[in-house]
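Analysis of the macromolecular model
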Amino acid sequence: MTSSVTSVHLLDGGVLEVDPGSVVAGAAGRRIDVPVQMFLVGTTSGYVLVDTGNDPGVIDDPVAAWGPELAAASRPRTAPHQHPARQLELLGLTPRDVRAVVYTHLHHDHAGGGRVFPDAVHVVQRAEHRWAHNPDGHAGKGYARADFGTTNWTLADGDWHMLPGVHLMMTPGHTPGHQSVVLWDVPDLGNVILAGDAINTVGCIDDDLPPGIATDTLAAVHSMHRLTALAHATDALVVTGHDMAQFEALPKAPDPLRRPGGNPAGLRQQPLDLS
Ligand SMILES: [Zn+2]
């Protein structure tokens, strides 16, 4: 089957200032800035948005949008031009042009802009939907109920070939229902893996480290291994969830996503050489 994917654009959703240990397991030191990313996928069936960034309310008042605890744990710096609708304007589009929104998971920095797209189909894994509404107490902090409580959901049950060339892949561990998005045969780009927070930084791949926040650390490592194996097998560009260096190296809207030079996926471990 041929791919329906025609383009991919990386949209800039601002930054979060967080403890490094919340990004990479065991990391310590000063708080760091991490990017908040959204991806606009052009298909022959219309535009699909992957993740929606922060609640746009944080542009004016993070504490009003998220409450004091969450706004302090992940301090947002989001400018007006990083509103999802303003990012679409860079491409001459409006929220009505987005036919479907796919969420890697429902944490506050991925699901916050969902209400900007009332006309779209909203797709999340059933396991994530369940967990976001009924998390264990210690794991509920990253969810802002206002982001998703009234959304009309389309629930995916595991891996799903959602559209030709658009493959949702279950990658649990960061959350129980986390998914990554695999795009096949994108013109001028090849195969692309939007890992979401299944792989937070390129360094996580190199050092075999799960996300700093995980409901199941072993599952998170397993999910990362599945993604990196797939990337090797298909020469896919891996875009990680919160790597500032990778974000800065990649073209952002209005420019289309392109592979940077060198080893963009950061896959240091190469296949066994038996020659
Ligand atoms: Zn995140």
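A short tour of the structure in this document, coming up. (Residues numbered from 1 in each chain as written. Predicted model: local features only at pLDDT ≥ 70, side-chain atom pairs only at ≥ 80, totals over all residues. Heavy atoms only, no water.)

1. Details of the coordination of the zinc ion
Summarising the metal site, the zinc ion is bound by the protein donors D109 (OD), H110 (NE2), D197 (OD) and H242 (NE2), whose distances to it range over 2.1 to 2.3 Å. With four donor atoms in place around the zinc ion and angles of 85 to 167° between them, the coordination shape is irregular. Read in sequence order, the donor residues coordinating the zinc ion give the pattern D-H-x86-D-x44-H. Residue H110 is located in helix 4 (residues 108-111), and its partner D197 is located in the loop between strand 11 (190-196) and helix 7 (202-207); the two are separated by 87 residues in the primary sequence. (Donors = N, O, S within 2.8 Å, 3.2 Å for Na, K, Ca; no water. Tetrahedral: all angles 85-135°; square planar, octahedral: opposite > 155°, others 65-115°. Helix = DSSP H or I, 4+ residues; strand = E, 2+ residues; numbered from the N terminus.)

2. Remarks on helix 8 (residues 217-234)
With 18 residues, helix 8 extends 26 Å between its outermost C-alpha atoms, agreeing within 8% with the 26 Å of an ideal straight helix rising 1.5 Å per residue. Of all the positions in helix 8, only A219, A220, V221, S223, M224, L227, T228 and A231 are classed as buried. Where the residues of helix 8 are buried, they touch strand 9 (166-170), strand 10 (179-186), strand 11, helix 7 and strand 12 (237-240). Where helix 8 terminates, the next one or two residues include D235, which has phi positive at roughly 50°. (Expected span 1.5 Å × (residues − 1). Buried < 20%, exposed > 50% of the residue type's maximum accessible area, 1.4 Å probe, protein only. Contact = heavy atoms within 4.5 Å.)

3. Structural notes on the nonpolar core
Counting 26 residues, the largest nonpolar core has L183 and L257 as its most contacted members. Other than its neighbours up to four places away in sequence, L183 contacts V5, V8, V41, G165, V166, G190, N191, V192 and L194. (Core = buried A, V, L, I, M, F, W, Y, C linked by side-chain atoms within 4.5 Å.)

4. Quick word on the packing of aromatic side chains
Tallied over the entire structure, the rule returns two aromatic pairs. Seen from their ring centres, Y103 and W153 are 5.0 Å apart, and the 70° between their planes marks the pair as edge-to-face. With a gap of 50 residues between them, Y103 in the loop between strand 5 (98-102) and helix 4 and W153 in strand 7 (residues 153-156) connect regions that are remote in the sequence. When its relative accessible area of 1% is taken as the criterion, Y103 is described as buried. (Phe/Tyr/Trp six-rings, centres within 6.5 Å; stacked < 30°, edge-to-face > 60°.)

5. With respect to the pairing of strand 6 (residues 121-125)
With respect to burial, strand 6 is a largely interior element, four of its five residues being buried. When strand 5 meets strand 6, the two strands line up parallel, connected through three bridges. Within strand 6, the residue paired with V102 across the bridge is V123. As judged from the four bridges shared by strand 6 and strand 7, these two strands associate in the parallel manner. The residue of strand 7 that forms the bridge with H122 is W153. (Pairing = 2+ DSSP bridges.)

6. Quick word on the environment of P172
As for its placement among the helices and strands, P172 is situated in the loop between strand 9 and strand 10. C-alpha of P172 to C-alpha of T217: the two residues are 45 residues apart in sequence and 9.3 Å apart in space. Residue contacts for P172: discarding those within four places in its chain leaves H178, A219, A220 and S223.

7. Structural notes on the layout of surface pockets
Unfilled space is identified by rolling a water-sized probe across the atoms. A volume near 540 Å³ is recorded for the largest pocket. Along the wall of the largest pocket there are 28 residues; nearest its centre are S22, H107, H108, G142 and I213. Looking at the lining of the largest pocket, the elements with two or more residues in it are strand 1 (5-18), helix 2 (68-73) and helix 4. Looking at the lining of the largest pocket residue by residue, the classes come out as 11 nonpolar, 12 polar and five charged. (1 Å grid on protein atoms, 1.4 Å probe; cavity = no way out; pocket = protein on both sides within 12 Å on 5 of 7 lines; lining within 4 Å. Points joined across faces, edges and corners; volume = space filled by probe spheres on them. Nonpolar A, V, L, I, M, F, W, Y, C, P; charged D, E, K, R; others polar.)

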